[in-house]
Amino acid sequence: RPGGCKELLSAGPPTEFTGPLQVGDILLVEAFLEFPDHLQAERDFSFFAAVPASMPPRHGRRVDTQRGWLALLLLVGIIVLSALKVADLLFLALAAVGVCLVTNVLH
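As the structure is a prediction and not an experimental result, all values here were calculated from the model.

Draft legend 1. Here's a closer look at the confidence of the model for the protein chain. For the protein chain, the mean per-residue pLDDT works out to 78, and 79% of the residues sit at or above 70. Element-level pLDDT for the protein chain is lowest in helix α1 (residues 4–10), with a mean of 53, against a maximum mean of 94 in helix α4 (residues 89–102).

Draft legend 2. Expanded view of the packing of helix α3 (residues 62–83) against α4. One way to put it is that α3 packs onto α4 with a least axis distance of 10 Å and a crossing angle of 160 degrees. Classified by the angle their axes make, α3 and α4 are roughly antiparallel. Considering only the axes of α3 and α4, their crossing is right-handed. For the pair α3 and α4, contact is made by L74, I78, L81 and S82 and by L89, L92, A93, A96, V99 and C100, respectively.

How each quantity is defined
- Residues numbered from 1 in each chain as written.
- Predicted model: local features only at pLDDT ≥ 70, side-chain atom pairs only at ≥ 80, totals over all residues.
- Heavy atoms only, no water.
- pLDDT = per-residue confidence, 0-100.
- Helix = DSSP H or I, 4+ residues; strand = E, 2+ residues; numbered from the N terminus.
- Axes fitted to C-alpha atoms, helices over the stretch in contact; angles between N-to-C directions.
- Parallel < 35°, antiparallel > 145°, perpendicular 65-115°, else oblique.
- Left-handed = near helix turned anticlockwise from the far one by under 90°.
- Contact = heavy atoms within 4.5 Å.

Right, dumping it as structure tokens:
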């Protein structure tokens, strides 16, 4: 690329990326540990390197699956209770957020 790293470093703090990816661009992708073993990843990426002391996205754990179902149940509950005019939509939404915070669905 014209200018290279010196141009990027002298430009100040990073801004939103607006251009298309080009050959030779480096991407930092946070993915699960099995990502390099997937055939699609092997075709699309030419180099993988683990970042020391990094934490992969949480997925696949039983507790995370339960939290996902709880979030979905709360969403459906908000819609049903609001449609039945049991309570105001804002109150129901804030109550659901509170439940999500207490149960660590949101952190």
